[in-house]
Amino acid sequence: MTRNYNPETAPASPNEDNYLTVAMPKGRIFEEALGLLRRAGYELPPEFDDSRKLIIDVPEAELRFILSKPMDVPTYVEHGVADAGVAGKDVMIEEERDVYEVLDLQISECYMAVAALPSYDSKADIAPKIATKYPNLAAGYFREQGEQVEIIKLNGSIELAPLIGLADRIVDIVSTGRTLKENGLVETETMMPITSRFIVNPVSYRMKAERIDDMVERLEKVVEGDGQS
Ligand code: PRP
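This is a predicted model, so every value here is computed, not measured.

Q: For this particular structure, what's the right way to read the side chain of asparagine 201?
A: Looking at where asparagine 201 falls in the secondary structure, it is placed in the loop between strand 12 (196-200) and helix 7 (202-207). On the basis of relative accessibility, which here comes to 5%, the residue asparagine 201 falls in the buried class. A polar side-chain atom of asparagine 201 sits 2.9 Å from the main-chain amide nitrogen of valine 203. Once you skip the residues sitting within four places of it in the chain, asparagine 201 turns out to touch Val77, Glu78, His79, Gly80, Ala82 and Asp83.

Q: Looking at this model, I keep getting lost on the packing of helix 1 (residues 28-39) against helix 8 (residues 209-228). Mind explaining?
A: When two helices pack together, you describe them by how their axes are tilted relative to each other and by the distance separating the axes. Look at helix 1 against helix 8: their axes get within 9 Å of each other, and the N-to-C directions meet at 105°. Taken together, the axes of helix 1 and helix 8 are roughly perpendicular relative to one another. Of the residues in helix 8, those in contact with Leu36, Leu37 and Arg39 of helix 1 are Met215, Leu219, Val222, Val223 and Asp226. The residue makeup of the contact of helix 1 with helix 8, split by class, is six nonpolar, no polar and two charged.

Q: Help me out: how do you make sense of the environment of leucine 103 in this one?
A: Summarising the element assignment, leucine 103 is placed in strand 6 (residues 100-104). With 70 residues separating them along the chain, leucine 103 and alanine 33 place their C-alpha atoms 13 Å apart. Not counting residues up to four positions away in its chain, the partners in contact with leucine 103 are Ser196, Arg197, Phe198, Val216, Leu219 and Glu220.

Q: Can you walk me through the site of the ligand in this structure?
A: In the vicinity of the ligand there are 13 residues, among which Lys133, Asp172, Thr176, Gly177 and Thr179 approach most closely. Here an oxygen atom of the ligand and a side-chain polar atom of arginine 28 are 2.7 Å apart. Contacts to the ligand include aspartate 172, whose side-chain N or O atom sits 2.7 Å from an oxygen atom. Structurally, the ligand is housed in the largest pocket. Contributions of two or more residues to the shell around the ligand are made by strand 10 (169-174) and helix 6 (178-182). The biggest single contributor to the shell around the ligand is strand 10, with three residues.

Q: Just checking my understanding: could you explain the packing of aromatic side chains for this structure?
A: Two descriptors summarise a pair of aromatic rings, namely the distance from one centre to the other and the angle between the planes of the rings. Under the counting rule described, the total for this entry stands at two aromatic pairs. Note on tyrosine 100 and tyrosine 205: the rings are 6.0 Å apart at their centroids and 55° apart in plane angle, and the pair reads as tilted. Taken together, the residues tyrosine 100 in strand 6 and tyrosine 205 in helix 7 connect sequence positions 105 residues apart. For the cation-ring pair, arginine 64 lies above tyrosine 19, with the distance from its terminal atom to the ring centre recorded as 5.2 Å. The positively charged end of arginine 218 is found above the aromatic ring belonging to tyrosine 42, 4.0 Å away from the centroid.

Q: What am I meant to see in the confidence of the model for the protein here?
A: The predicted coordinates of low-pLDDT regions are not to be read in fine detail. Mean pLDDT over the protein stands at 91; residues scoring 70 or higher make up 92%. In this model, residues 1-5 is a region of pLDDT below 50 whose contacts with residues beyond four sequence positions or in other chains number 18 contacts.

Q: What is the right way to look at empty space enclosed by the protein in this model?
A: If you roll a probe as big as a water molecule over the atoms, it shows you where there is empty space left. This model, assessed by the stated rule, comprises two cavities of 30 Å³ or more. Space inside the largest cavity adds up to approximately 50 Å³. Every residue lining the largest cavity is listed: Val22, Met24, Ala33, Leu36, Leu37, Val86, Leu105, Phe198 and Leu219. Sorting elements by how many residues they give to the lining of the largest cavity places helix 1 first, with three residues. Approximately 30 Å³ is the volume found for the second largest cavity. Around the second largest cavity, the lining residues are Ala113, Val114, Ala115, Glu159, Ile170, Asp172, Ile173, Val174, Leu180 and Glu187. Listing elements by their share of the lining of the second largest cavity, those giving two or more residues are strand 7 (110-116) and strand 10.

What counts and what doesn't
- Residues numbered from 1 in each chain as written.
- Predicted model: local features only at pLDDT ≥ 70, side-chain atom pairs only at ≥ 80, totals over all residues.
- Heavy atoms only, no water.
- Helix = DSSP H or I, 4+ residues; strand = E, 2+ residues; numbered from the N terminus.
- Buried < 20%, exposed > 50% of the residue type's maximum accessible area, 1.4 Å probe, protein only.
- Polar contact = N/O pair within 3.5 Å; in protein donor to acceptor, adjacent residues only side chain to side chain.
- Contact = heavy atoms within 4.5 Å.
- Axes fitted to C-alpha atoms, helices over the stretch in contact; angles between N-to-C directions.
- Parallel < 35°, antiparallel > 145°, perpendicular 65-115°, else oblique.
- Nonpolar A, V, L, I, M, F, W, Y, C, P; charged D, E, K, R; others polar.
- Near = heavy atom within 4 Å.
- 1 Å grid on protein atoms, 1.4 Å probe; cavity = no way out; pocket = protein on both sides within 12 Å on 5 of 7 lines; lining within 4 Å.
- Sits in = over half its atoms within 2 Å of the grid points.
- Phe/Tyr/Trp six-rings, centres within 6.5 Å; stacked < 30°, edge-to-face > 60°.
- Lys NZ or Arg CZ within 6 Å of the ring centre and 35° of its normal.
- pLDDT = per-residue confidence, 0-100.
- Points joined across faces, edges and corners; volume = space filled by probe spheres on them.

Below, the structure is given as structure tokens:
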């Protein structure tokens, strides 16, 4: 049974009661993260899957879930309004938040890559423009490569940028490779593999060590089991 969040009766700060608050990313990671928690023994009701609620309480397990944009999960955890959360490595690198990354959940596997139109010639490009949702990550990468670039921050549909002349290359997540292919782009550099991580607020880890350790251990068992099968 879930309990509707009610601001009248809910504790002012969930961290003050016995609840463990977990920030979950809405979108493509959500389903996999939910599956992992269920397999770790958390009974999460079916209505969880297609709910539009942003706060879902599971009183039996003393759990509260906050559903947020993937890029915001580390922010909630850093500020301590969520004790823990699930965040992609891409988001962790981009956001550089002060949180503990305690477990590689090995879900939502993909990678970060540079892509361009097949006709693009990097050698002939003296002032390359790079479009991305990840300006910090991209800037760090090109700095390491010793390449001077201009970063253009976009919020989505990154593949559009080279097609309409906004940028020469893009830095983005590649999962199946379909978006690149269907938009006639080719990968020019593979940057780094990405998976989702279980992250924890440092103060919560001290105050709620037993509960958090229990969750980490349960998740770890499922992840390790998957790795062996
Ligand atoms: C992500 C990413 C790519 C696409 C890659 O976008 O930014 O566009 O998925 O997946 P693929 O390799 O399986 O095609 P998302 O769908 O999250 O939406 P966005 O463009 O709004 O960021």
